[in-house]
Amino acid sequence: MPQKPVLIAQISDLHIKPPGSLAYGRVDTAAALERCVAVLNELTPKPDLVVISGDLADTPTSEEYEHLKRLLQPLKLPFVGIPGNHDSGELMRAAFPRATYAVSSGPLNQKVEAGGLDLMLLDSSVHGKPHGELDAATLQWLEATLAAAPNRPALLFLHHPPFKAGIWHMDRQNLLNAGELAPIVRRHPRVQLIATGHVHRATLTMFAGVPTTICPAPNHAVDLDLVQLREPSFKVEPPAFHLHCWFPGEGFGSVVTHQVFIGDFDRPHPFFGPDGKLL
């Protein structure tokens, strides 16, 4: 019997505001998260874990994190989170004190085991700044943690993409020291995927020889402006999240990422009738 895959759902950029407030005066991010949680709860088979890859809150305030926790209460799956540029590390620690942070203060890095997988959750946030950076302590922790179990496949999660997506106003606030991350990834072939957020769009490229993704958001998308036609803008497009499926196999196995749309859609219908003929 084949081994069961490990399923990691990734949601990102929740931007939860105080109750009754809309992001940018237009987007009900709380209602968007409620719809996302409902879809996550209905997935079959159930994901082993949900990773929230940054911007859990919007301003941020303690009130926003308390509202976030209430919105996440119906979620029937375990979850972990890492900060984005809209978050406060201090407030996140207070809101989620049971998280297995690598250190008691400073970056909110975590290592989580899910079946045969190691997940490295990296804090790329820089206090008070929109761009990302992995500080020296985080890079040292990642190097040591990857070296500690060289035969186990690993997925890396962080908020800021380590590559340019082509959207001008987002590219200037991506992971600015991606050049320091790249050699670590290359030294450790067990890294099978780097999964990020921040840009609110489903995106795929290669970084340091590894597939690297940006997760879409459950609420609004960054405008796909590749030639600087407009001022920084957002659009309300079909919301979605990523489902990363790791299949055990030769070497480090294989990872496939699916985009899962959020909403009520017509249920699955069979291709074939009772007589085996195509309908």
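Residues numbered from 1 in each chain as written. Predicted model: local features only at pLDDT ≥ 70, side-chain atom pairs only at ≥ 80, totals over all residues. Heavy atoms only, no water.

Peer 1: Go over the pairing of strand β2 (residues 49-53) with me, naming the residues and quoting the values.
Peer 2: Burial runs high along β2: five of the five residues are buried. In β2, alternate side chains face the same way, and those of L49, V51 and S53 on one face and V50 and I52 on the other are all buried. Across four bridges, strand β1 (residues 6-11) lies against β2 in parallel orientation. For I11, the partnering residue across the bridge sits in β2 and is I52. On the question of chirality, the crossover connecting β1 to the parallel β2 by way of helix α1 (residues 29-42) is right-handed. As defined by bridge partners, β2 adjoins strand β3 (residues 79-82) across four bridges and the pair is classed as parallel. Bridging across to β3, V51 finds its partner in V80. The β-α-β motif built from β2, the intervening helix α2 (residues 62-72) and the parallel element β3 has right-handed crossover chirality. (Buried < 20%, exposed > 50% of the residue type's maximum accessible area, 1.4 Å probe, protein only. Helix = DSSP H or I, 4+ residues; strand = E, 2+ residues; numbered from the N terminus. Pairing = 2+ DSSP bridges. Right-handed = clockwise from strand over helix to strand, strands pointing away.)

Peer 1: Report on the sheet that holds strand β9 (residues 210-214), specifying residues and quantitative values.
Peer 2: Strand order in the open sheet made by the six strands is β4-β5-β6-β7-β9-β8, with mixed pairing throughout. In this open sheet, the two edge strands, each paired with only one partner strand, are β4 (110-114) and β8 (203-207). Recorded for the sheet is a direction-independent mean angle of 20° between the axes of neighbouring strands. Relative to strand β6 (residues 154-157), strand β5 (residues 117-121) is paired through four bridges, and the arrangement is parallel. From the neighbouring strand, D118 faces β6, where its bridge partner is A154. (Axes fitted to C-alpha atoms, helices over the stretch in contact; angles between N-to-C directions.)

Peer 1: Lay out the environment of M170 with the relevant residues and their values.
Peer 2: Locating M170 in the fold gives a position in helix α5 (residues 168-171). Judged by its relative accessible area of 8%, M170 is buried. Distance from M170 to K235, taken between C-alpha atoms, is 15 Å for residues 65 residues apart in sequence. With near-sequence residues (within four places) excluded, M170 lies in contact with H198, V199 and V222. (Contact = heavy atoms within 4.5 Å.)

Peer 1: Any chance you could break down the nonpolar core for me, citing the residues and the numbers?
Peer 2: Soluble globular proteins tend to pack their nonpolar side chains together in the buried interior. Core analysis: the biggest nonpolar cluster contains 32 residues, and I11, L33, L40, V50, L68 and F241 have the highest contact counts within it. Looking at this core, the elements with two or more residues in it are β1, α1, β2, α2, α3 (89-95) and β12 (240-247). Ranked by the residues each element gives to this core, the list is headed by α1, at six residues. Each residue touching I11, except ones within four places of it in the same chain, is listed here: L33, C36, L40, V50, V51, I52, S53, C215 and F241. Within the second largest apolar cluster, 21 residues are counted, among which are L134, L142, L146 and I184. (Core = buried A, V, L, I, M, F, W, Y, C linked by side-chain atoms within 4.5 Å.)

Peer 1: Tell me what's going on with the packing of helix α4 (residues 136-148) against helix α6 (residues 178-187), and back it up with residues and numbers.
Peer 2: At a minimum axis separation of 10 Å, α4 and α6 run at an interaxial angle of 5°. Considering the angle they form, α4 stands roughly parallel to α6. Here α4 contributes L139, L142, E143 and L146 to the contact with α6, which in turn contributes E180, L181, I184 and R187. For the contact of α4 with α6, the per-class residue count stands at five nonpolar, no polar and three charged. (Parallel < 35°, antiparallel > 145°, perpendicular 65-115°, else oblique. Nonpolar A, V, L, I, M, F, W, Y, C, P; charged D, E, K, R; others polar.)

Peer 1: Pulling in residues and values, what's your account of the pairing of β1?
Peer 2: Burial within β1 is extensive, with six of its six residues counted as buried. Residues V6, I8 and Q10 of β1 are buried on one face, and the alternating residues L7, A9 and I11, pointing to the opposite face, are buried as well. Bridge count for β1 against β12 is five bridges, and the pairing is antiparallel. Counted as the bridge partner of L7 is C245 from β12.

Peer 1: Go over the packing of α1 against α2 with me, naming the residues and quoting the values.
Peer 2: Relative to each other, α1 and α2 sit at 30°, their axes nearing to 10 Å. Judged by the inter-axis angle, α1 sits roughly parallel to α2. As for how α1 packs across α2, the hand of that crossing is right-handed. Counting all contacts with α1, which are made through A30, L33, E34 and V37, the residues of α2 involved are H67, L68, L71 and L72. Here the contact of α1 with α2 is composed, by residue class, of six nonpolar, one polar and one charged. (Left-handed = near helix turned anticlockwise from the far one by under 90°.)

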